[in-house]
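A look at the structure
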Amino acid sequence: MNCTRNVTDDIVWVGANDRRLSLFEGVYSVPEGVSYNSYLLLDEKTVLFDTVDNAVRDRFMENVVFTLNGRALDYLILQHLEPDHAAGILDIVRKYPSVTLVLNARSKALAEQFFEFEETPNILLINEYDTLTTGSHTLHFILAPMVHWPEVMLTYDDKTKILFSADAFGGFGSLHGALFADEIDFKVDYLQKMRRYYTNIVGKYGVQVRSLLTKMARFDIEVICPLHGFVWRKNLRMVMDPHIKWGNYDPEEQGVMLAYASVYGNTANATDILACELRELGIKTMVYDVSVTPASEIVAEAFRWSHLVFASTTYNAGIFVNMEALIYDLMEHNIQKRPFALIENGSWALSSGKLMKERLSKGKDMEFIGSVSLKSAVKTNQVQELKDLALAISKTFPS
C-alpha cells in the first residue's frame, strides 16, 4: 500500500517526505526534513504536476504507478525545473513514453540543460494564460518569473478552484502524515518554517512576488497546493497575509531583533543590557548570537520584526566574520524599511560600527537610529549610553 492522499475526489498527492536531508540546497538546516509535493489529476486525461527530488524518486514513482492503476499518463506539467522538483522527469518519460511535457519557453530551455532524453519527448509549449482542457477540468497557466527561478509558472484549475503554486506559499518541514494546513496548529507548528523558507528562498524577489499576487487576484482561488509544505483549503488569509507583508518588506510585528557577535562575552553583555532596557520600555525583543544561530533563522527574524540592532566586536580591523556574513546575507535578501541601531566593540581599534552602518545603509529605507561604542567591556558610565539608545529606538515606534 502506498502513502498517497486525496486533495479532491480526482486530485491525489503523490509526493514524498525526506527526513534524512540535513541541509536544504546545501545551506538551510531542516531538522524536520522537507516534503516534495507532486499532484496527479485523474480526469479524462491524466495530468501530473511536477516530480520530486532525486532522494525520494523511487517512492514517488511507486505512488504515481499505484494511483494511475494501469492508466496511461497524458501530461506532465513542469512548473519549476529546479532539480528538487524535476529529478523524476526521465523516470516518468521512460515509464510513460507517450506523455506530453507541458512547458513554457524558459522551462523548455532549462529542461534541455538539465536532461538528455533518450528520445525527443512530446512537448506542449504554452504561453501565459493559455488553457488546457483535460475533460471536466480546465487549467490556466500563470507565469511567475523569479519566484524564484525565471521559468516558474503556476497552474489554476477552474473546476476545483485550486492554484498549483510551484515554490510559492511553501515551507520547510516534512508533513508528518498531515497534508492540509488545517490539520496542524499553523502558528505554533508551521509559521516559523514558512517564514524561514520564504525569506531565504524567495525573499530577495519582493517585486516579483507582488506581481504574482496581482496576477492571482483575477482568479477565484479556494485551495493552494504548493510544491513544499501543506495544502491550504481553509482560511487562506492565514497564508496570504504573511506573504503580502513579506513581499512588501513590511514587518509582521512591532519589536526589536538584536543580533550580536561576541568573542569573550562583553559585546553579548552590552546587547543584553540594551534588550533589558527595551523591555523596560515595553518593547518586545529577541536576541540572537550569530555564532550559534544559523543565519537563515536570523534573516527570517529580520523580516518578522520592525526594528533591528546589530552588535559586533571589531575583528581583524573589520566586522566579526559571522556578523559580516549575516549582514551580507540580509542585503542580498533585499531587507528594507527597517530602523536599525548598532553597538561596536574594539579593544584598540573601533571600525565595526562604521562598516556595519555603511553596508546596512545601502538598503532601501534603512533608517540609522544611533550607536554605542565600547572599548573591551561595558563600563558603569556606559550603561546610561545604552539606556539612551533604548530610548532613541523607542521613539521610532508608532505612538
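Scroll up to find the structure.
Residues numbered from 1 in each chain as written. Predicted model: local features only at pLDDT ≥ 70, side-chain atom pairs only at ≥ 80, totals over all residues. Heavy atoms only, no water.

With respect to helix 6 (residues 191-202)
Helix length check: helix 6 (twelve residues) gives 16 Å between terminal C-alpha atoms against 16 Å at 1.5 Å per residue, within 8%. Summarising burial for helix 6: eleven of the twelve residues are buried, a large majority. When helix 6 is considered as a whole, its buried residues turn out to be Leu-191, Lys-193, Met-194, Arg-195, Arg-196, Tyr-197, Tyr-198, Thr-199, Asn-200, Ile-201 and Val-202. Those residues of helix 6 that are buried are in contact with strand 4 (23-24), strand 5 (28-29), helix 5 (186-189), helix 7 (206-216), helix 8 (237-248) and helix 10 (295-304). (Helix = DSSP H or I, 4+ residues; strand = E, 2+ residues; numbered from the N terminus. Expected span 1.5 Å × (residues − 1). Buried < 20%, exposed > 50% of the residue type's maximum accessible area, 1.4 Å probe, protein only. Contact = heavy atoms within 4.5 Å.)

Digging into the packing of aromatic side chains
Inspection of the entire model under this criterion finds 16 aromatic pairs. When the centroid spacing of 5.3 Å and the interplanar angle of 80° are considered together, the rings of Phe-172 and Tyr-197 count as edge-to-face. With Phe-172 in the loop between strand 15 (162-164) and helix 5 and Tyr-197 in helix 6, this pair connects stretches of sequence that are 25 residues apart. Taken individually, Phe-172 and Tyr-197 each receive the classification buried, so the pair is uniform in this respect. (Phe/Tyr/Trp six-rings, centres within 6.5 Å; stacked < 30°, edge-to-face > 60°.)

A few points about helix 9 (residues 266-280)
The terminal C-alpha atoms of helix 9 lie 21 Å apart, and with 15 residues this matches the ideal 21 Å at 1.5 Å per residue to within 8%. Of the positions making up helix 9, those classed as buried are Thr-267, Ala-268, Ala-270, Thr-271, Ile-273, Leu-274, Ala-275 and Leu-278. For helix 9, the secondary structure elements touched by its buried residues are strand 17 (253-261), strand 18 (285-289), strand 19 (305-315), strand 21 (339-345), strand 22 (367-374) and helix 13 (383-394). Gly-282 occupies a position one or two residues after helix 9 and carries a positive phi of about 85°.

Quick word on the pattern of salt bridges
Tallying each qualifying case throughout the model produces 20 salt bridges. Measuring nitrogen to oxygen at the nearest pair gives 3.6 Å for the salt bridge that ties Glu-222 to Lys-161. Taken as a pair, Glu-222 in the loop between helix 7 and strand 16 (223-225) and Lys-161 in the loop between strand 14 (153-157) and strand 15 lie far apart in primary sequence, 61 residues in all. Here Asp-250 and Lys-337 are joined by a salt bridge, their closest N and O atoms 2.8 Å apart. Of this pair, Asp-250 sits in the loop between helix 8 and strand 17 while Lys-337 sits in the loop between helix 11 (321-332) and strand 21, and the two are 87 residues apart along the sequence. For Asp-250, a relative accessible area of 28% puts it in the partly exposed group. A network of salt bridges, in which partner residues are shared, links Arg-195, Glu-252, Glu-253, Lys-284, Glu-301 and Arg-304. (Salt bridge = Lys/Arg side-chain N within 4 Å of Asp/Glu carboxyl O.)

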